[in-house]
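Read off the chains here:
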Amino acid sequence: MAKVIEGLYYSESHEYVRVEGDFGFIGITDYAQHELGNVVYVDMPEVDDEVEAGAEFGAVESVKAASDLNAPVSGTVVEVNEALEDEPELLNQDAFENWIIKVELTDKAELDNLMSAGEYEEFCKK
């Protein structure tokens, strides 16, 4: 079973959000990195780009497939994880430790649309 961390918010497209104050760290779940296999490239937005809940903000490419990244929440990109540009395989090593983008949240109420850890575990079993 893929690792799921309590206290994060999860989307049906297998992204997570870790909230710290007014900021959200967005990445892919452990389940997603297992499904993708060896990650070889991460396409990320630029700082100051706006992301919208449910909309595509980048992509992750693996040896098996390319998968779009969908923002679980809306916000303004304040930081991208530059380590992933040189070492995209960090997502395979620890998907939760290696977030992809940090955003300033536009509307914290959007978090209510996401799943808890328990709900996400159930969702992944389907």
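Just above sits the structure.
Because the structure is predicted, anything quoted here is derived from the model rather than measured. (Residues numbered from 1 in each chain as written. Predicted model: local features only at pLDDT ≥ 70, side-chain atom pairs only at ≥ 80, totals over all residues. Heavy atoms only, no water.)

S.K.: How do you make sense of the sheet that holds strand E4 (residues 39–43) when you look at a structure like this?
M.R.: Strand pairing in a sheet relies on backbone hydrogen bonds, with the paired strands running either antiparallel or parallel. If you trace the 3 strands from one edge of the open sheet to the other, you get E4-E6-E7, paired in antiparallel fashion. The open sheet terminates on both sides in strands that have one partner only, identified here as E4 and strand E7 (66–70). Each strand of the sheet is rotated relative to its neighbour by a mean of 20 degrees, with strand direction disregarded. Sheet topology places strand E6 (residues 56–62) next to E7; 5 bridges connect them, and they run antiparallel. Bridge pairing in E7 links Ala59 to Asp68. (Pairing = 2+ DSSP bridges. Helix = DSSP H or I, 4+ residues; strand = E, 2+ residues; numbered from the N terminus. Axes fitted to C-alpha atoms, helices over the stretch in contact; angles between N-to-C directions.)

S.K.: When you look at the pattern of salt bridges in this model, what are you seeing that I'm missing?
M.R.: Think of it this way: side chains of opposite charge can pair up when their charged atoms draw near. Within the structure shown, the criterion is met by 4 salt bridges. For the salt bridge of Arg18 with Glu20, the shortest nitrogen-to-oxygen distance reads 3.0 Å. When its relative accessible area of 41% is taken as the criterion, Glu20 is described as partly exposed. Across the pair Lys125 and Glu122 runs a salt bridge whose closest N-O atoms are separated by 3.3 Å. Here the residue Lys125 and the residue Glu122 both occupy positions in helix H4 (residues 117–125), the gap between them amounting to 3 residues, near one helical turn. (Salt bridge = Lys/Arg side-chain N within 4 Å of Asp/Glu carboxyl O. Buried < 20%, exposed > 50% of the residue type's maximum accessible area, 1.4 Å probe, protein only.)

S.K.: What am I meant to see in a negative patch on the surface here?
M.R.: The grouping of Glu46, Asp48, Asp49, Glu50, Glu79, Glu82, Glu85, Asp86, Glu87 and Glu89 at the surface amounts to a negative patch. Overall, Glu85 belongs to the exposed group, its relative accessible area being 52%. (Patch = residues over 30% accessible without salt bridge, like charges linked within 9 Å, V, L, I, M, F, W, Y side chains within 5 Å. Areas by Shrake-Rupley, 256 points an atom, 1.4 Å probe, with all protein chains shown as cover. Lys, Arg positive; Asp, Glu negative; His and termini not counted. Charge placed at Lys NZ, Arg CZ, Asp CG, Glu CD.)

S.K.: How do you make sense of a nonpolar patch on the surface when you look at a structure like this?
M.R.: A cluster of nonpolar side chains, contributed by Val40, Tyr41 and Val63, occupies part of the molecular surface with about 290 Å² of accessible area. In this fold, Val40 is placed in strand E4.

S.K.: What is the right way to look at the environment of Thr106 in this model?
M.R.: Within the secondary structure, Thr106 is located in the loop between strand E9 (101–105) and H4. Take Thr106: its relative accessible area is 56%, and that puts it in the exposed class. A C-alpha to C-alpha distance of 20 Å links Thr106 and Ser116, two positions 10 residues apart in sequence. Residue contacts for Thr106: discarding those within four places in its chain leaves Ser74 and Gly75. (Contact = heavy atoms within 4.5 Å.)

S.K.: In this structure, what is going on with the packing of aromatic side chains? I would like to understand it.
M.R.: Where two aromatic rings form a pair, the distance of their centres and the angle of their planes describe that pair. For the structure shown, the criterion picks out 5 aromatic pairs. Relative to Phe96, the ring of Tyr10 lies with its centre 6.3 Å away and its plane at 85 degrees, an arrangement referred to as edge-to-face. Of the two residues, Tyr10 is situated in strand E1 (residues 9–10) and Phe96 in the loop between helix H3 (90–93) and E9; the sequence distance between them amounts to 86 residues. The class for Phe96 is buried, based on a relative accessible area of 6%. Residues Tyr10 and Tyr120 carry aromatic rings whose centres are separated by 4.6 Å and whose planes lie at 10 degrees to one another, so their mutual orientation is stacked. Of the two residues, Tyr10 sits in strand E1 while Tyr120 sits in helix H4, which places them 110 residues apart along the sequence. By the burial criterion, Tyr10 is buried, and Tyr120 matches it. Members of the aromatic cluster, joined through ring pairs, are Tyr10, Tyr16, Phe96, Tyr120 and Phe123. The residue whose ring lies beneath Arg18 is Phe25, and the NZ or CZ to ring-centre distance is 4.4 Å. (Phe/Tyr/Trp six-rings, centres within 6.5 Å; stacked < 30°, edge-to-face > 60°. Lys NZ or Arg CZ within 6 Å of the ring centre and 35° of its normal.)

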